[in-house]
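Each chain, written out:
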Amino acid sequence: MVSNLKVGKGGNAYVVDERGRLIAHPDISLVLQKTDFSAASQVAHPLQQRVATAATSVEAMVGRDVRGTEVLSAHATITPLNWSVFVELPVAEAFASLYASIWRTVVLVLVGVVISITASLFLVRRMVSPIHALRAGAARIGAGALDQRIEVNTGDELQALGEEFNRMTERLQESYTGLERKVEERTRI
């Protein structure tokens, strides 16, 4: 029954007696050799901690299997026989889905950061470009180019500010033209 148990891709199950000797294992040659597993940390710990209530508790720990591979091991005690059933799964296989999930999360976070930076650069450019146009237009108007018009087509407050600059420039130009006319009329007299 133990040899037919399939635990993941590389795991297995086995049974040891109260002294740590192998009773059942998928590799029958280990059973026939009466292999002693009491030195394995995942077997030694439960043997030392064995108490009457241990039959219902299941502990898991990391140890090494017969081939020296690091495994995650869980055990349960069979009370009437005082045997322990161990189920082992290589640590790499046991944590593979966790590691894959971590990598997916890291990749998604990096993609999110790249998208955020790209979007913020686009938005900053979209906002700074009209501000530069406003500044340059205001500088030309300030230098006396009253025929200058500021073109900002953003559909927001910056466009409204550009339109106000244009209205102000028109009024200044009308006022300047009116002043020139008055000066001309007074100089004729």
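As the structure is a prediction and not an experimental result, all values here were calculated from the model. Position numbers for residues count from 1 along each chain, tracking the sequence in the order it is written. Totals for whole chains, interfaces and linings use every residue, but because this is a predicted model, local features are given only for residues with pLDDT of at least 70 and side-chain atom pairs only at 80 or more, for both listing and counting. Just so you know, side-chain values use all the structure's heavy atoms and leave hydrogens and water out.

Student: Break down a nonpolar patch on the surface for me, citing the residues and quoting the values.
Tutor: Here, patches come from residues exposed beyond 30% relative accessible area and free of salt bridges, joined within 9 Å for like charges and within 5 Å for nonpolar side chains (Val, Leu, Ile, Met, Phe, Trp, Tyr). All accessible areas in this document rest on Shrake-Rupley with a 1.4 Å probe, and a residue is counted as covered only by the protein chains that are shown. By definition, a salt bridge exists where a carboxyl oxygen of Asp or Glu is found within 4 Å of a side-chain nitrogen of Lys or Arg. On the surface, a nonpolar cluster with roughly 640 Å² of combined accessible area is contributed by Leu98, Tyr99, Ile102, Trp103, Val106 and Leu110. Note that tryptophan 103 resides in helix 4 (residues 96-142). Only protein chains enter the accessibility calculation, which uses a 1.4 Å probe; a residue whose area is less than 20% of its type maximum is buried, one above 50% is exposed, and one in between is partly exposed. Residue tryptophan 103 is classed as exposed on the basis of its relative accessible area of 60%. Going along the chain from the N terminus, every DSSP run of H or I of four or more residues is numbered as a helix, and every run of E of two or more is numbered as a strand.

Student: Which residues make up helix 4, and what values do they have?
Tutor: Multiplying 1.5 Å by the helix residue count minus one yields the expected span of that helix. For helix 4, spanning 47 residues, the distance from its first C-alpha to its last is 68 Å, which sits close to the expected 69 Å at 1.5 Å a residue. Turning to helix 4, its buried residues number three or more, namely Pro130, Leu134, Gly137 and Ile141. Along its buried surface, helix 4 packs onto helix 5 (157-188). After helix 4 finishes, the residue glycine 144 shows a positive phi value of roughly 110 degrees. Contact between two residues is taken to exist if any of their heavy atoms lie within 4.5 Å; hydrogens are not considered.

Student: Summarise unusual backbone geometry; cite the residues concerned and give the values.
Tutor: Look at lysine 34: it is not a glycine, yet its phi comes out positive at around 55 degrees. By the element assignment, lysine 34 lies in the loop between helix 1 (28-32) and helix 2 (41-49). Taking relative accessible area as the criterion, lysine 34 reaches 62% and is therefore assigned exposed. The backbone of asparagine 82 shows a phi angle near 65 degrees, a positive value even though the residue is not glycine.

Student: Now, about the packing of aromatic side chains: what can you tell me, with residues and values included?
Tutor: To pair, rings of Phe, Tyr and Trp, with the six-membered ring standing in for Trp, must have centres within 6.5 Å; the planes then decide the type, stacked if under 30 degrees apart, edge-to-face if over 60, and tilted in the middle. Summed over all chains, the structure comprises 3 aromatic pairs. Where tyrosine 14 meets phenylalanine 86, the ring centres are 5.4 Å apart and the plane angle is 15 degrees; that geometry is what we call stacked. Here phenylalanine 86 lies in strand 5 (residues 83-90) and tyrosine 14 lies in strand 1 (residues 12-16), a separation of 72 residues in the sequence. We note that tyrosine 14, like phenylalanine 86, is buried. Aromatic side chains phenylalanine 95 and tyrosine 99 sit 6.2 Å apart centroid to centroid with 55 degrees between the ring planes, which places their arrangement in the tilted category. When its relative accessible area of 29% is taken as the criterion, phenylalanine 95 is described as partly exposed. Members of the aromatic cluster, joined through ring pairs, are Tyr14, Phe37 and Phe86.

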